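Observations on the model geometry
In case you want the letters, here they are:
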Amino acid sequence: MNTALLIDEVRLTPILIADPPLLNTQGVHQPYTPRLIVEVVTRGGVTGIGETYGDGKYLELARPLATALTGRPVSDLNGLFALADEVCGDSRAADDRVDAGGLRGVQTADKLRLSVVSGFEVACLDALGKSLGLPVHALLGGKVRDRVEYSAYLFYRWAAHPDGGEKDDWGAALDPAGVVAQARRFAREYGFSSFKLKGGVFEPDREIAAIRALAQEFPGQPLRLDPNGAWSVETSLYVAEQLKDVLEYLEDPASGTDLMARVAAGTGVPLATNMCVTTLAEVPEAFARGAVQVVLSDHHYWGGLHRTRELAGICRTFGVGLSMHSNTHLGISLAAMTHVAATVPNLDYACDSHYPWQTEDVITARHVFEDGRLTVSDAPGLGVELDRERLAALHRRWLDDDGTMRERDDAAAMRKAEPEWRTPEIPRW
Ligand SMILES: O=C([O-])[C@@H](O)[C@@H](O)[C@H](O)[C@@H](O)C(=O)[O-]
Ligand SMILES: [Mg+2]
């Protein structure tokens with residue numbers, strides 16, 4: 001055993017990061033949203049970093065795992081899952097209801113635990129890579145591409161939060177013209193050439209008009225629409241029919257495997273999901289019923305980069321496409337996403353990323369998209385460095401918060417503008 005690889009210390013730093021007023025079917029993003037930064041320090045003096053969700057229900061599971069990990073080798077990635085099963089316990093937050101902001105289907109103890117493990121797994125891989133002088137993609141078997149393509153993530157949005165938050169110069173996007181203007185800026189500044197619109201915000205005809213406007217502006221370029229399960233089967237089929245000539249895929253039009261299977265049976269438009277297939281247990285029924293044609297991987301959901309590659313193998317076996325989902329995240333996770341994406345041959349679509357919406361970061365040099373792509377780093381580990389001053393400042397914001405921003409709750413944020421707002425019943429349309 002190489003004792004230099006033993007873990008001496010695990011540091012957990014919850015932070016609050018600025019988030020613009022992006023709309024979705026549950027409400028609107030809060031001005032600040034929680035993330036958790038994980039640092040794993042080895043006896044050899046190397047520090048690996050990871051990032052995951054930072055709401056209280058994740059912190060509650062991360063703390064015992066951090067304690068239990070001390071003294072174990074940073075290379076024992078398989079052992080991490082057994083350890084988490086042993087020490088984390090079942091979170092009280094796992095109530096089998098759709099979560100209040102992540103829009104990731106029902107919330108189970110398994111999903112919460114895997115999301116926590118993902119941050120630790122990435123930190124261990126970063127530390128291992130730095131210790132061995134190898135990039136993370138090499139630890140996953142090696143890259144099969146040098147650049148990873150990302151897609152523009154368009155949101156209906158307000159110009160500003162009703163109650164403070166950081167200002168930006170994107171302006172409001174609440175109609176087809178606003179959505180097209182946003183897409184043009186994404187294409188100009190980042191070089192993105194495929195576009196996903198977060199839907200489920202307005203009546204379906206209004207969102208159909210936005211996609212039509214995008215198709216006119218960017219003829220032949222891949223377009224996606226994702227209402228996070230807000231529609232009935234009938235509405236989903238109506239939208240699919242209206243947009244069948246321009247959509248690359250329709251993402252989670254209806255909620256749950258049963259409704260998705262019924263939609264899939266009635267349209268030739270491929271259906272994608274990051275809601276009804278987010279754990280292995282959900283795969284067999286969804287695939288057997290042909291409910292989804294594309295799974296959006298997300299290493300936070302699946303328990304890290306190795307598990308994401310396992311998902312890729314399953315999708316390949318069953319002839320199901322693979323894309324990548326994103327929720328609000330920083331540059332550590334974007335580095336991890338890029339490394340794993342670089343190693344998966346069947347990643348057939350441009351990956352989602354919220355990153356352009358995140359103006360704050362905890363790494364010293366922000367990622368730069370060129371032609372909509374990120375170059376895969378060959379530096380040891382993830383290839384990003386922690387900016388300790390920024391980390392401290394964002395942690396200070398978390399400490400100073402009275403508790404309202406520490407849990408992401410898009411419906412509560414919406415009530416600042418519309419006091420009567422309640423999380424809409426699904427199907428909403
Ligand atoms: O941040 C949002 O509003 C998104 O809707 C996010 O929460 C989803 O998880 C996600 O982007 C998706 O593709 O469903
Ligand atoms: Mg989605």
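Residues numbered from 1 in each chain as written. Chains lettered and ligands numbered in written order. Predicted model: local features only at pLDDT ≥ 70, side-chain atom pairs only at ≥ 80, totals over all residues. Heavy atoms only, no water.

For the chain, the name recorded in an unreviewed UniProt entry is glucarate dehydratase, with Streptomyces sanglieri as its organism. Here is the UniProt Catalytic activity (unreviewed entry) comment for the chain, exactly as written: "D-glucarate = 5-dehydro-4-deoxy-D-glucarate + H2O". (UniProt positions renumbered as here; feature names shortened; annotations may be inferred.)

Here we look at the domain arrangement of the chain
The domain architecture assigned to the chain consists of domain 1 (3-137 + 387-401) and domain 2 (142-375). Taken over C-alpha atoms, the centre of domain 1 sits 23 Å from the centre of domain 2. Each side of the interface is counted separately: domain 1 has 46 residues, and domain 2 has 54 residues. Here domain 1 packs against domain 2, burying approximately 4,200 Å² in sum over the two surfaces, 61% of which is carbon and sulfur. At the junction of domain 1 and domain 2, the tally comes to four salt bridges. A salt bridge links Glu360 to Arg390, with the nearest nitrogen and oxygen atoms 3.9 Å apart. Put simply, domain 1 and domain 2 have 24 residue pairs in polar contact (both at pLDDT 80 or more) between them. Counting only elements with at least two residues in the side of domain 1 that touches domain 2, the list comes to β1 (7-18), β2 (23-24), β4 (32-42), β5 (47-53), α2 (77-88), α3 (109-132), α4 (136-139) and α13 (388-400). (Domains from an automatic or database assignment. Contact = heavy atoms within 4.5 Å. Buried area = accessible area lost by both parts, 1.4 Å probe. Salt bridge = Lys/Arg side-chain N within 4 Å of Asp/Glu carboxyl O. Polar contact = N/O pair within 3.5 Å; in protein donor to acceptor, adjacent residues only side chain to side chain. Helix = DSSP H or I, 4+ residues; strand = E, 2+ residues; numbered from the N terminus.)

Observations concerning the coordination of the magnesium ion (ligand 2)
Reference geometry at the metal: tetrahedral coordination by four donors gives ideal angles of 109.5 degrees; octahedral coordination by six donors gives 90 or 180 degrees. Every protein donor of the magnesium ion (ligand 2) is accounted for by Asp226 (OD), Glu251 (OE) and Asn274 (OD1), and the metal-donor separations fall at 1.9 to 2.2 Å. In primary-sequence terms, the residues that donate to the magnesium ion (ligand 2) follow D-x24-E-x22-N. Of the two residues, Glu251 is situated in strand β10 (residues 247-251) and Asn274 in the loop between β11 (271-273) and α9 (283-288); the sequence distance between them amounts to 23 residues. We note that Glu251, like Asn274, is buried. (Donors = N, O, S within 2.8 Å, 3.2 Å for Na, K, Ca; no water. Buried < 20%, exposed > 50% of the residue type's maximum accessible area, 1.4 Å probe, protein only.)

With respect to the sheet that holds β11
Taken together, the seven strands give an open sheet; going across it, the order is β7-β8-β9-β10-β11-β12-β13, and neighbouring strands pair in parallel fashion. With partners counted over all chains shown, the strands left at the sheet margins are β7 (152-155) and β13 (321-324), one partner each. Strand after strand, the sheet turns through a mean of 25 degrees between neighbouring axes, direction not considered. One ladder, built from two bridges, connects β10 with β11; its direction is parallel. Across the sheet, the residue bridging to Leu250 is Leu271, located in β11. Taken strand by strand, helix α5 (residues 176-190) contacts β7 and β8 (195-198), and its axis lies near 155 degrees from that of β7. (Pairing = 2+ DSSP bridges. Axes fitted to C-alpha atoms, helices over the stretch in contact; angles between N-to-C directions.)

Quick notes on α13
Along an α-helix, a turn takes 3.6 residues, which lines up residues three or four apart on a common side. Its 13 residues give α13 an end-to-end C-alpha distance of 18 Å, which sits within 8% of 18 Å, the value for a rise of 1.5 Å per residue. Within the span of α13, buried status applies to Leu391, Leu394 and Trp398. Within α13, the buried residues cover an arc of 75 degrees as seen down the axis, which keeps them to one side. Among the exposed residues of α13, those oriented more than 90 degrees off its buried face are Glu389 and Asp400. Each element contacted by the buried residues of α13 is listed here: β1, β4 and α1 (56-69). Two or three places before Glu389, at the opening of α13, Asp387 has a side-chain oxygen 3.2 Å from that residue's backbone nitrogen. (Expected span 1.5 Å × (residues − 1). Arc of directions from axis to C-beta.)

What to know about the sheet that holds β1
Across the sheet, three strands lie side by side as β1-β4-β5; this open sheet has antiparallel pairing. The open sheet has two free edges, formed respectively by β1 and β5, since each of these has just one partner strand. In this sheet, neighbouring strand axes are inclined to one another by 20 degrees on average, regardless of whether the strands run parallel or antiparallel. Two elements, β1 and β4, share eleven bridges in a ladder whose sense is antiparallel. Its bridge partner lying in β4, Leu12 is registered against Val38. Contacts between α3 and the sheet are confined to β1, β4 and β5, with β5 contributing the most and set at about 160 degrees to the helix.

Some thoughts on the layout of surface pockets
Roughly 220 Å³ of internal volume is contained in the second largest pocket. Along the wall of the second largest pocket there are 15 residues; nearest its centre are His367, Thr375, Ser377, Gly383 and Val384. If you list the elements that add at least two residues to the lining of the second largest pocket, you get α12 (331-343) and β14 (373-375). Looking at which element gives the most residues to the lining of the second largest pocket, the answer is α12, with three residues. (1 Å grid on protein atoms, 1.4 Å probe; cavity = no way out; pocket = protein on both sides within 12 Å on 5 of 7 lines; lining within 4 Å. Points joined across faces, edges and corners; volume = space filled by probe spheres on them.)

A look at the UniProt feature "domain: Mandelate racemase/muconate lactonizing enzyme C-terminal" (unreviewed entry) in the chain
Annotation from UniProt places "domain: Mandelate racemase/muconate lactonizing enzyme C-terminal" (unreviewed entry) at residues 176-270. This span, residues 176-270, is 53% helix and 14% strand, and a straight line between its end C-alpha atoms measures 23 Å.

Considerations on the pattern of salt bridges
For side chains of opposite charge, pairing can occur when their charged atoms come near one another. Scanning the model with the defined rule gives 34 salt bridges in all. Between Arg113 and Asp110 there is a salt bridge whose closest N-O contact spans 3.2 Å. In this pair, Arg113 and Asp110 both sit in helix α3, three residues apart, roughly one turn of the helix. Given the relative accessible area of 12%, Arg113 is considered buried. By relative accessible area, which is 37% here, Asp110 ends up partly exposed. Two residues, Asp400 and Arg396, come together in a salt bridge whose shortest N-O distance is 3.6 Å. Pair noted here: Asp400 and Arg396 are both in helix α13, with a separation of four residues, about one helical turn. Counted as one network, the salt bridges with shared partners bring together Lys196, Lys198, Arg224, Asp226, Glu248, Glu251 and Asp352.

Observations regarding the packing of α1 against α3
The interhelical angle for the contact between α1 and α3, taken along N-to-C directions, is 45 degrees, at an axis separation of 9 Å. Between α1 and α3, the angle falls in the class oblique. The element α1 and its partner α3 pack so that their crossing is right-handed. In this structure, α1 contributes Lys57, Tyr58, Leu61, Ala62, Leu65, Ala66 and Leu69 to the contact, and α3 contributes Leu112, Arg113, Ser115, Val116, Val117, Phe120 and Cys124. Looking at the contact of α1 with α3, its residues break down into eleven nonpolar, one polar and two charged. (Parallel < 35°, antiparallel > 145°, perpendicular 65-115°, else oblique. Left-handed = near helix turned anticlockwise from the far one by under 90°. Nonpolar A, V, L, I, M, F, W, Y, C, P; charged D, E, K, R; others polar.)

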